[in-house]
Amino acid sequence: MAVLIMDSLRRRVTLLWLFLYCLTLLVSIHWLWQYSYQQLQITNQQQLDRFSRHIDSQLGHFSFIPQLLSRQGIIINALMASDNSAQLDLTNRHLNTINTIVGASDTYLLDKDGTTIAASNWNKKSTFIGNNFAFRPYYQDAIQGSPGRYFALGSTSGKRGYYFSYPVNYAAETIGVVVIKMNLSLIEKDWAGKEQSFLVTDLNNVVFISSEIKWLYHSLSPLSEQQKNDLRETRRYLERKIDYVPISGNLNTNADLLKLDNKKLDNKKWLPTYYLSLIKAFDDEQWNVRVLAPITPILFDILLLFLLITLLYMLLYLTLILIKQKQTRHQEQVLAEIKSKQKLEFTVMQRTSALQAEVEERHKAEAALRSTQKELIQSAKLAVLGQLSASISHELNNPLSAIRTYAENAVLFLERDKLDQVSNNLSRITHLTERMAKISSQLKSFARKSNGELKIIALQPVILAAHELLKPQLKANRTELTMHLPTHSIHVKAEPIQLEQIVVNLLSNALQSMQYSDHKLIEIELIVESDIAKIKVLDQGTGIDEAHLPHLFEPFFTTKETGLGLGLSISQQIINNMQGTLTAKNRVSSGAEFCISLPVNNNNINTKQ
Ligand code: ADP
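A quick note: this is a predicted structure, and the numbers were derived from the prediction, not measured.

Overview of the packing of helix α3 (residues 73–80) against helix α4 (residues 85–102)
Then comes step 1: Contact geometry for α3 and α4: axes closest at 9 Å, N-to-C directions at 140 degrees. The way α3 lies across α4 gives a crossing that is left-handed. Across the interface between the two elements, Ile-74, Ile-75, Asn-77 and Ala-78 from α3 touch Gln-87, Leu-88, Leu-90, Thr-91, His-94 and Leu-95 from α4.

And the structure:
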């Protein structure tokens, strides 16, 4: 659903973008066209005005010459005496002088019938003398009494000329016509090679002055039969074939667009050329002066503008796409980060809860283990006490029977009034009861449940207490015990009751291993090596079977018939809890060596036990 919405949004944005692009193109191209077209019009209108003025001034030079000549006596005389060769010769030279001064092409005099009787070119091969120009409209106009103007190709020279004629009157009668011919190529020479084309067309739209030579004597519109006949009659273009320039558009409207169909002129050219056509009527509407300015530069400008706008829009579009992509990538990244964070948090939560459950489980297991351990320690103690019971009861029975004897004797001594003896017996009884109380208190303290709290204690008193507890049994088994204890106190962090129990356990095991030994000797050593206090219990018993060594500290491992196999495993756990170790090995001579190692702790010494 979201993808569909995004797609339609994207499509709408693209459409909007396209719309903006088209709008910008339309507005800016329209504006450029209007502006450039106007500029082109202004510039070319100026050119047209200049061109018109130029033609006007060029023609203006000659327009009054025939009138002036028609009044001169020499001209009238020549007409009056047309058979006087001297007069005509004089006239010829005069006309030549005038022609040279004004810079005309030819100046000549026609008689009443239109035949040339004198001419500036009298001495040239192509002289007009003798030629009849009655067919020319300029003659016809002048002979009717009005000044004539006419453009035509010279019938003798074949050159383009503009003819000015004027009637020569004498005694209210037109006796001849004086004509001056101007060379038109002078006009176009100055305007050739420009960007725009300058044309002068006659009323039939035939080009007779042009900056483009190829358009000369071409018609801008197809000629009708009537027009062709007229041209033939006046011989304006002599026998020249007037071709049609394939140009379309409103030829006689000022500032209009004309289309030149290049393909009709040249098969290789496909594209037409468009011109801005500016037109001005001239010479009493007989001519049209035109400027044709190609609009190709405007089209190029428009193409350039089109490319620029397209490029600009493409750049903008690309930039926007890039920004969008960057944003999308950033959003995706942020989303991915959030997702992975959530995933991580979820995993962490899962693990935490699993861990919590595990920790709870462990706590429970540890609590169960601790209570089991306590129970086991207690059972082990009771087991040791059981082992000790025979010797203890012996130890208690002896003083008891001694007390009874002393008490019975004391009664006898009292009867015999031997008070000293009585006192002596009572003090012995007191001494014996003290000894019994001591044994009982030791047993009580051994059987006491420990709270497992570690504290800094001196090791020597623990060893001495264990010895004291085992004394009856050592005595019963006729076993010697030697102790090598340093004179200065060695402190460790431990639980004294549990540690005493371990030492008792080790001593008890040593005793049992020497049951059948000849020389029964147990040694207890207390040493310090590299800040580790070591309590070593060495015996001369059976030693430990090599195969049993790896299993010695496993719970319930025993080689004894009535053994529980818990003493060493419990002892090792207790020592481990005190950050120490319990190890066993066979001695080199005979017997076994057990070693309790504990880190020495002489800081914050608290000897209270
Ligand atoms: P139990 O004494 O009930 O068997 P212990 O854990 O105290 O349990 O001892 C385990 C075993 O270690 C004994 O059965 C015995 O084989 C061996 N052992 C312990 N101390 C000695 C020793 N000093 N000499 C030889 N073997 C010993």
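A word on the sheet that holds strand β4 (residues 160–170)
Then comes step 1: In space, the five strands of this open sheet follow the order β2-β1-β5-β4-β3, with antiparallel pairing throughout. Edge strands, defined here as strands with exactly one partner in the open sheet, are β2 (116–119) and β3 (148–153). Geometrically, the sheet is characterised by an average inter-axis angle of 25 degrees between neighbouring strands, direction not taken into account.
Then comes step 2: In this structure, strand β1 (residues 106–111) lies alongside strand β5 (residues 173–183), joined through six bridges in antiparallel fashion. In the strand pairing of β5, Leu-110 is matched with Val-177.
Then comes step 3: Of the strands in this sheet, β1, β2 and β5 are in contact with α4, which crosses β2 at around 55 degrees.

Let's talk about the packing of helix α12 (residues 496–513) against helix α13 (residues 567–577)
Packed helix pairs are characterised by how far apart their axes lie and by the angle those axes make with each other.
Then comes step 1: In contact at an axis separation of 10 Å, α12 and α13 are set at 145 degrees when each is read in the N-to-C sense. The crossing of α12 and α13 is left-handed. In contact with Gln-498, Leu-499, Ile-502, Asn-505, Leu-506 and Asn-509 of α12, α13 contributes Gly-567, Leu-568, Ser-571, Ile-574 and Ile-575.
Then comes step 2: Class assignment of the residues belonging to the contact of α12 with α13 gives a composition of six nonpolar, five polar and no charged.

Things to note about the sheet that holds strand β10 (residues 247–248)
Then comes step 1: Read from one edge of the open sheet, six strands run β7-β6-β13-β12-β11-β10, paired in antiparallel fashion. The sheet is open, and its two borders are formed by β7 (207–210) and β10, each paired with just one other strand.
Then comes step 2: Of the pairings in the sheet, the one linking strand β11 (residues 256–260) to strand β12 (residues 273–282) comprises five bridges and is antiparallel in character. Paired with Leu-260 across the bridge in β12 is Thr-273.

Side note on a nonpolar patch on the surface
Then comes step 1: Side chains of Leu-16, Phe-19, Leu-20, Leu-23, Leu-26 and Val-27 sit close together on the surface and give an oily, nonpolar patch of about 590 Å² of accessible area.
Then comes step 2: For Leu-26, the position within the fold is in helix α1 (residues 2–63).

Notes on the site of the ligand
Then comes step 1: With respect to spatial proximity, 20 residues lie near the ligand, and among them Asp-539, Thr-558, Thr-559, Lys-560 and Leu-568 are the closest.
Then comes step 2: Within the side chain of Thr-559, one N or O atom sits 2.3 Å away from an oxygen atom of the ligand.
Then comes step 3: Within the contact set of the ligand, an oxygen atom lies 3.4 Å away from a backbone nitrogen or oxygen of Gly-567.
Then comes step 4: In isolation the ligand exposes 530 Å². Once the protein is present, 93% of that is buried.
Then comes step 5: Mapped by element, the contributors of at least two residues to the shell around the ligand are α12, α13 and β20 (592–599).
Then comes step 6: A per-element tally of the shell around the ligand places α12 first, with three residues.
Then comes step 7: Split into classes, the residues belonging to the shell around the ligand amount to nine nonpolar, nine polar and two charged.

Conventions used here
Residues numbered from 1 in each chain as written. Predicted model: local features only at pLDDT ≥ 70, side-chain atom pairs only at ≥ 80, totals over all residues. Heavy atoms only, no water. Axes fitted to C-alpha atoms, helices over the stretch in contact; angles between N-to-C directions. Helix = DSSP H or I, 4+ residues; strand = E, 2+ residues; numbered from the N terminus. Left-handed = near helix turned anticlockwise from the far one by under 90°. Contact = heavy atoms within 4.5 Å. Pairing = 2+ DSSP bridges. Nonpolar A, V, L, I, M, F, W, Y, C, P; charged D, E, K, R; others polar. Patch = residues over 30% accessible without salt bridge, like charges linked within 9 Å, V, L, I, M, F, W, Y side chains within 5 Å. Areas by Shrake-Rupley, 256 points an atom, 1.4 Å probe, with all protein chains shown as cover. Salt bridge = Lys/Arg side-chain N within 4 Å of Asp/Glu carboxyl O. Near = heavy atom within 4 Å. Polar contact = N/O pair within 3.5 Å; in protein donor to acceptor, adjacent residues only side chain to side chain.

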